[in-house]
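Each chain is listed here by its residues.
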Amino acid sequence: MYVIHIPTNRPIIRKDLNDSVYKTKAEKYAAIVKRVRKIHKKGQPILVGTETIEVSEILSEMLLKKGIAHNVLNAKNPEMEAAIVAKAGQFGAVTIATNMAGRGTDIKLDSRSKEAGGLYVIGTERSESRRVDNQLRGRSGRQGDPGVSKFFISLEDDLLRLFGSEKYISIFENLPGYLVFSVCRIVGHVHIFQFSVH
């Protein structure tokens, strides 16, 4: 079949950072909160995408303990949540949302948010579908806006456990638990796992 590549309306300048891999979910959640605190200090808006309501609530509680005001969207009230998501690009905004919450709503950046680096999207795990991950990542850097995306994964995540993450545990045994470890091999296998699920 003949395929034509259609370019985006404006060049994408979003920075897609390497995944960070952790041994446990607890270490991963702590790292996410630490990253949110760091980014929030400069006012860059943050969207944390979760697979489940449970993870949204865990992270919300952790952020509250750190004194970080935020919105939590769990696809329970679509009209209200669409209005909140539309404001997720404002300077200093922190939003936690399940993948279904606020879909189809553009996140518009204000001028201060653009200066701060645009919307910073954090994925709390890899989905079984790469399309879902790309949709989350694509919430940032729309229409040539600046932005950043990064996924945090752990060996306890469902996708990795489904495909035998125990073989990777030995990699982590001799590393300090707090160490951020970007592992290209594991991330490469995540992409294979996503393809295998389909």
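What comes next is a walk through the structure.

**Some points on the packing of aromatic side chains**
Going through the model one piece at a time under the given rule, you end up with 1 aromatic pair. Where Y22 meets F152, the ring centres are 6.3 Å apart and the plane angle is 10°; that geometry is what we call stacked. Separated by 130 residues along the polypeptide, Y22 in strand 2 (residues 20-22) and F152 in strand 7 (residues 147-154) bring together distant segments of the chain. A cation over an aromatic ring shows up here: R112 above the ring of F91, its NZ or CZ 3.8 Å from the ring centre. Directly above the aromatic system of F151 lies the positively charged group of R126, at a separation of 4.1 Å from the ring centroid.

**Here we look at helix 5 (residues 130-137)**
Taken residue by residue, helix 5 has V132, D133, L136 and R137 as its buried positions. One side of helix 5 holds all its buried residues, which, seen down the axis, span an arc of 140°.

**Some points on the packing of helix 1 (residues 25-41) against helix 2 (residues 53-65)**
In a pair of packed helices, the angle between the axes and the distance between the axes together describe the arrangement. Taken N-terminus to C-terminus, the directions of helix 1 and helix 2 make an angle of 55°; their axes are 10 Å apart at the nearest point. Here helix 2 runs oblique to helix 1, going by the angle between their axes. Helix 1 and helix 2 meet at a crossing whose hand is right-handed. Every residue of helix 2 that contacts helix 1 at Y29, A30, I32, V33 and V36 is listed here: V55, I58, L59, M62 and L63. Here the residues of the contact of helix 1 with helix 2 sort into 10 nonpolar, no polar and no charged.

**Some thoughts on the pattern of salt bridges**
A complete count under the given rule lists 9 salt bridges for this structure. D16 is paired through a salt bridge with R137; the nearest N and O atoms lie 3.3 Å apart. Placement of D16 in strand 1 (residues 15-16) and of R137 in helix 5 is noted, with a sequence separation of 121 residues between them. Here R126 ties to D133 by a salt bridge, and the two come within 3.3 Å at their closest N and O atoms. What makes R126 buried here is its relative accessible area of 6%. Among the ionic contacts, a cluster of salt bridges with common partners joins R14, D16 and R137.

**Quick word on a nonpolar patch on the surface**
On the surface, a cluster of nonpolar side chains totalling about 450 Å² of accessible area is made up of Y2, I4 and I6. Of note, I4 is situated in the segment before strand 1.

**A word on the nonpolar core**
Counting 19 residues, the largest nonpolar core has I32, V36, I46, V48, L59, L63 and I122 as its most contacted members. Sorting the residues of this core by element identifies helix 1, strand 3 (46-50), helix 2, strand 5 (94-98), strand 6 (119-123) and strand 7 as the ones contributing at least two each. Counting residues per element, this core draws most heavily on helix 1, which supplies 6 residues. Contacts of L59, omitting those with residues within four sequence positions, involve Y29, I32, V33, V48, T50, I96 and T124.

**Focus on the side chain of S56**
Here S56 is to be found in helix 2. A distance of 2.7 Å separates the side chain of S56 from the side chain of T50, its partner in a polar contact. Here S56 is in contact with T50, V72, N74, I96, A97 and T98, once residues within four sequence places are set aside.

**Quick word on helix 1**
Over its 17 residues, helix 1 runs 24 Å from end to end, which matches the ideal 24 Å to within 8%, given 1.5 Å per residue. Among the residues making up helix 1, those that are buried are K28, Y29, A31, I32, V33, V36 and I39. For helix 1, the elements touching its buried residues are strand 2, strand 3, helix 2, strand 5, strand 6 and strand 7. Trailing helix 1 by a residue or two, G43 shows a phi angle of about 85°, which is positive.

About the cut-offs
Residues numbered from 1 in each chain as written. Predicted model: local features only at pLDDT ≥ 70, side-chain atom pairs only at ≥ 80, totals over all residues. Heavy atoms only, no water. Phe/Tyr/Trp six-rings, centres within 6.5 Å; stacked < 30°, edge-to-face > 60°. Helix = DSSP H or I, 4+ residues; strand = E, 2+ residues; numbered from the N terminus. Lys NZ or Arg CZ within 6 Å of the ring centre and 35° of its normal. Buried < 20%, exposed > 50% of the residue type's maximum accessible area, 1.4 Å probe, protein only. Arc of directions from axis to C-beta. Axes fitted to C-alpha atoms, helices over the stretch in contact; angles between N-to-C directions. Parallel < 35°, antiparallel > 145°, perpendicular 65-115°, else oblique. Left-handed = near helix turned anticlockwise from the far one by under 90°. Contact = heavy atoms within 4.5 Å. Nonpolar A, V, L, I, M, F, W, Y, C, P; charged D, E, K, R; others polar. Salt bridge = Lys/Arg side-chain N within 4 Å of Asp/Glu carboxyl O. Patch = residues over 30% accessible without salt bridge, like charges linked within 9 Å, V, L, I, M, F, W, Y side chains within 5 Å. Areas by Shrake-Rupley, 256 points an atom, 1.4 Å probe, with all protein chains shown as cover. Core = buried A, V, L, I, M, F, W, Y, C linked by side-chain atoms within 4.5 Å. Polar contact = N/O pair within 3.5 Å; in protein donor to acceptor, adjacent residues only side chain to side chain. Expected span 1.5 Å × (residues − 1).

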